[in-house]
Amino acid sequence: METNKIANFFNLERVMLLGFILAKLVLSLLPISYGIFRDEFYYISMSKRLGLGYVDVPPLSPLILAGARFLFGDSLFALHLIPALSGALFLILAYLLIKKLNGNRFALFLTLTTVFLAPCFVWWDSIYTYDTFNKLGWLLFSFLMIRMIQTEDPKYWIYIGITSGVALLFKITILYLGLGWLIGLLVTKQRKLLLRREVLWAAVCVFIICSPYLLWQIQHGFISLEYYRNYAAGKVSSFSLPGYLLEQVINMSPLTFPIWLAGLYYFLFHPQGKVLRSAGVTYLVILLLSYITKAKPDLILPYYVILLAGGCLWLGNLLAGGGKRWLQGLQAAVFLLVVISGLVLLPAARPVLPVETFIKIYGKIFPQTDVEGHPLPNLPQTLADCFGWQEMTRKVAQVYHSLPGADRAKACIVTRNYGEAGAIEYYGEKYHLPLPPVSGHLQYYFWGPGRFSGEVVIAVGFSYDDVKATYQDVRKGSILTNPYMMPYEKENLIYVGRKPLKRFQEIKPWFKWFD
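Treat the numbers as computed from the prediction; the structure is a model and nothing was measured. (Residues numbered from 1 in each chain as written. Predicted model: local features only at pLDDT ≥ 70, side-chain atom pairs only at ≥ 80, totals over all residues. Heavy atoms only, no water.)

**Regarding the overall build of the protein**
- Along the protein, the regular secondary structure elements total 26 helices and five strands.
- At 25 Å, the protein has a C-alpha radius of gyration in line with the 24 Å of a compact globule built from 515 residues.
- Taking the principal axes of the C-alpha coordinates as reference, the protein spans close to 80 × 55 × 55 Å.
- Evaluated residue by residue, the protein yields a buried proportion of 56% over its 515 residues.
- The contacts in the protein between residues at least 6 apart in sequence include a share of 76% that link residues at least 24 apart. (Helix = DSSP H or I, 4+ residues; strand = E, 2+ residues; numbered from the N terminus. Rg over C-alpha atoms; globule rule 2.2 N^0.38 Å. Buried < 20%, exposed > 50% of the residue type's maximum accessible area, 1.4 Å probe, protein only. Contact = heavy atoms within 4.5 Å.)

Structure follows, in structure tokens:
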């Protein structure tokens, strides 16, 4: 009896899922890296200064990282363990989704394959940012919405409320998803679900869970709104709508485009999928809303799992032929094309190739600017932003240790952005630098100059004119030369500024930067 239960539990489909999970963990935790990614330095810095909120980041991501650092230290393995586990949970949710949609074995296998190999998910499952958790919130929210529509059971509103509240404490873009589903329900027959009293209980759950973060925003004058306004106004390059879509097609792997497009058709027009028409409408609403508000193209990427599941379900039903060889051949061809597309793009999401080899093969294929308009060094921004940080810290240390003793005693390091500040804070102890660095970028602005007077500064990321506007004596310290780092990081030299024109607290607005 017990043997039969075990055999039933570990059926072929669950063994298949287990295989994908193990492969995900291996891919995400392999000791291959070009270095620590820019944003990861910032999250490490926030995890050392826990709070109920930050200028650009809700509180949970730094809190979880603080726990991981306490348990496992600061190694790359420890830093990437949680993203890898998040990727495994994401695959489990995708599995549950296609099972609840009654997908056959081919649909299940194809869904897991497309999710496993999508470049954006490969990337998010191997670095630590709030997107590590955000994608889980999006998929779980949508899964619960679909289950509520299928069962017409209003208790799911409570689960949706809890999911929304927790997701908001990772990244507020879950609001796009919530608005998308709201409109999706309003324009379909499922609008009746909005009239249940459980909707109010869901709202109460969101409010209670988010209240500490809301109080922090009130206390700080909703400072995050300034950040979001600046971000929308100048952080993201202008895209045409086709260009905006193209970015998403590339990030999801180009040969999956027909699959998720078929999923959109399935939910909007297919007789079997019309009960979930709101899922298709939700996608269109989020796409237009994110484009109009100038959000990054990657905002909507987690929702493509819903469309992929619909497309794989439709394909699975279409190609189910009771053992006909030509249909089996088509299934194999579809699967092979998806795998090839994912493997071709894998080096752009995970550093499986030496950087010189990558540039030779892919250097001219990718765009020459990133989504923020910065020139690229023949590498995607996600890879380029892993280079040069320790070299930068080492050169700052050379400048610092070359100062006369009296200047060293008064010197501090001032940086233009959180990447520079976070890297110097991470590597600085090794080079005996005065820490922490001072910056006006995002949360560093609130952390302030601390014990430093600003009489002598080593300025990183600023132009000569920037430093000269505040210091009488400005001298060149060093230059950055790493050929693979983001070019804008090398445009400005490292300068030493002496004889300030104002007190440090008065010049703080000089480098305030909320975008």
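**A look at the packing of aromatic side chains**
- Evaluated as defined, the whole model comprises 39 aromatic pairs.
- Centre to centre, the rings of Y213 and W216 are 6.4 Å apart; their planes meet at 15°, and the pair counts as stacked. On the criterion of helical spacing, the pair formed by Y213 and W216 is a turn pair, its members being three residues apart in helix α11 (residues 198–219).
- According to the relative accessible area criterion, Y213 is buried, its value standing at 8%.
- Taken together, the ring pairs connect Y42, Y43, Y128, Y130, F133, F170, Y418, Y444 and W447 into an aromatic cluster.
- Here R49 stacks its cationic end above the ring of W447, 4.1 Å away from the centre of that ring. (Phe/Tyr/Trp six-rings, centres within 6.5 Å; stacked < 30°, edge-to-face > 60°. Lys NZ or Arg CZ within 6 Å of the ring centre and 35° of its normal.)

**Here's the deal with the nonpolar core**
- Membership of the largest hydrophobic core comes to 156 residues, with the highest contact counts inside it found for L97, L112, F121, W181, M252, Y283 and Y303.
- Looking at this core, the element that brings in the most residues is helix α8 (residues 131–151), giving 11 residues.
- Setting aside residues no more than four positions away along its own chain, L97 makes contact with L139, F143, I146, V305, I306 and A309.
- Membership of the second largest hydrophobic core comes to 12 residues, among which are F452, V457, F462 and F504. (Core = buried A, V, L, I, M, F, W, Y, C linked by side-chain atoms within 4.5 Å.)

**Some thoughts on the environment of I259**
- Along the chain, the position of I259 falls in helix α14 (residues 257–269).
- Measuring from C-alpha to C-alpha, the distance between I259 and T114 comes to 9.3 Å, with 145 residues separating the pair along the chain.
- Apart from residues no more than four positions distant in its own chain, I259 is found in contact with L110, T114, L307, L308, G311, C312, L315 and V338.

**A closer look at the side chain of T132**
- Its place among the elements puts T132 in helix α8.
- Among the polar contacts listed, one links the side chain of T132 to the backbone oxygen of W124, at a separation of 3.4 Å.
- When near neighbours in sequence (up to four residues on either side) are disregarded, T132 contacts I82, P83, S86, W124 and I127. (Polar contact = N/O pair within 3.5 Å; in protein donor to acceptor, adjacent residues only side chain to side chain.)

**Digging into the sheet that holds strand β2 (residues 438–439)**
- Within the open sheet, the five strands sit side by side as β2-β1-β3-β5-β4. Their pairing is mixed. Edge positions in the sheet fall to β2 and β4 (471–478), since each has one partner strand and no second.
- Sheet topology note: the strand β3 (residues 456–460)/strand β5 (residues 494–500) ladder contains five bridges and is antiparallel. Among the inter-strand pairings, A459 is bridged to a residue of β5, identified as Y495.
- Contacts from helix α22 (residues 418–427) reach β1 (411–415), β2 and β3 within the one sheet, and its direction differs from that of β1 by about 140°. (Pairing = 2+ DSSP bridges. Axes fitted to C-alpha atoms, helices over the stretch in contact; angles between N-to-C directions.)

**Some remarks on helix α6 (residues 105–117)**
- With 13 residues, α6 extends 18 Å between its outermost C-alpha atoms, agreeing within 8% with the 18 Å of an ideal straight helix rising 1.5 Å per residue.
- Taken residue by residue, α6 has F106, A107, L108, L110, T111, L112, T113, T114, V115, F116 and L117 as its buried positions.
- Tucked into the core, α6 has its buried residues touching α2 (12–29), α5 (76–100), α7 (119–124), α14, α16 (304–318) and α17 (325–349).
- Structurally, the start of α6 carries an N-cap: the backbone nitrogen of F106 is 3.2 Å from a side-chain oxygen of N104. (Expected span 1.5 Å × (residues − 1).)

**Topic: the pairing of β5**
- Burial runs high along β5: five of the seven residues are buried.
- Pairing of β4 with β5 involves six bridges; the strand directions are antiparallel. Within β5, the position partnered with R475 by the bridge is V496.

**Points about the pattern of salt bridges**
- Per the counting criterion, the structure on display carries 15 salt bridges.
- Residue R49 is joined to E425 by a salt bridge in which the shortest nitrogen-to-oxygen separation is 2.9 Å. Here E425 lies in helix α22 and R49 lies in the loop between α3 (38–47) and α4 (60–72), a separation of 376 residues in the sequence.
- When its relative accessible area of 10% is taken as the criterion, E425 is described as buried.
- Here the salt bridges share partners, and the residues they tie into one network are E13, K99 and R105. (Salt bridge = Lys/Arg side-chain N within 4 Å of Asp/Glu carboxyl O.)

**Things to note about a nonpolar patch on the surface**
- Together, W201, V204, F207, I208, L214, L215, I218, F222 and L225 make up a nonpolar patch on the protein surface, roughly 910 Å² of accessible area in all.
- Ranked by residue count, the leading element in the nonpolar patch is α11, at seven residues.
- By secondary structure assignment, the location of L215 is in helix α11.
- L215 gets classed as exposed once you look at its relative accessible area, which sits at 57%. (Patch = residues over 30% accessible without salt bridge, like charges linked within 9 Å, V, L, I, M, F, W, Y side chains within 5 Å. Areas by Shrake-Rupley, 256 points an atom, 1.4 Å probe, with all protein chains shown as cover.)

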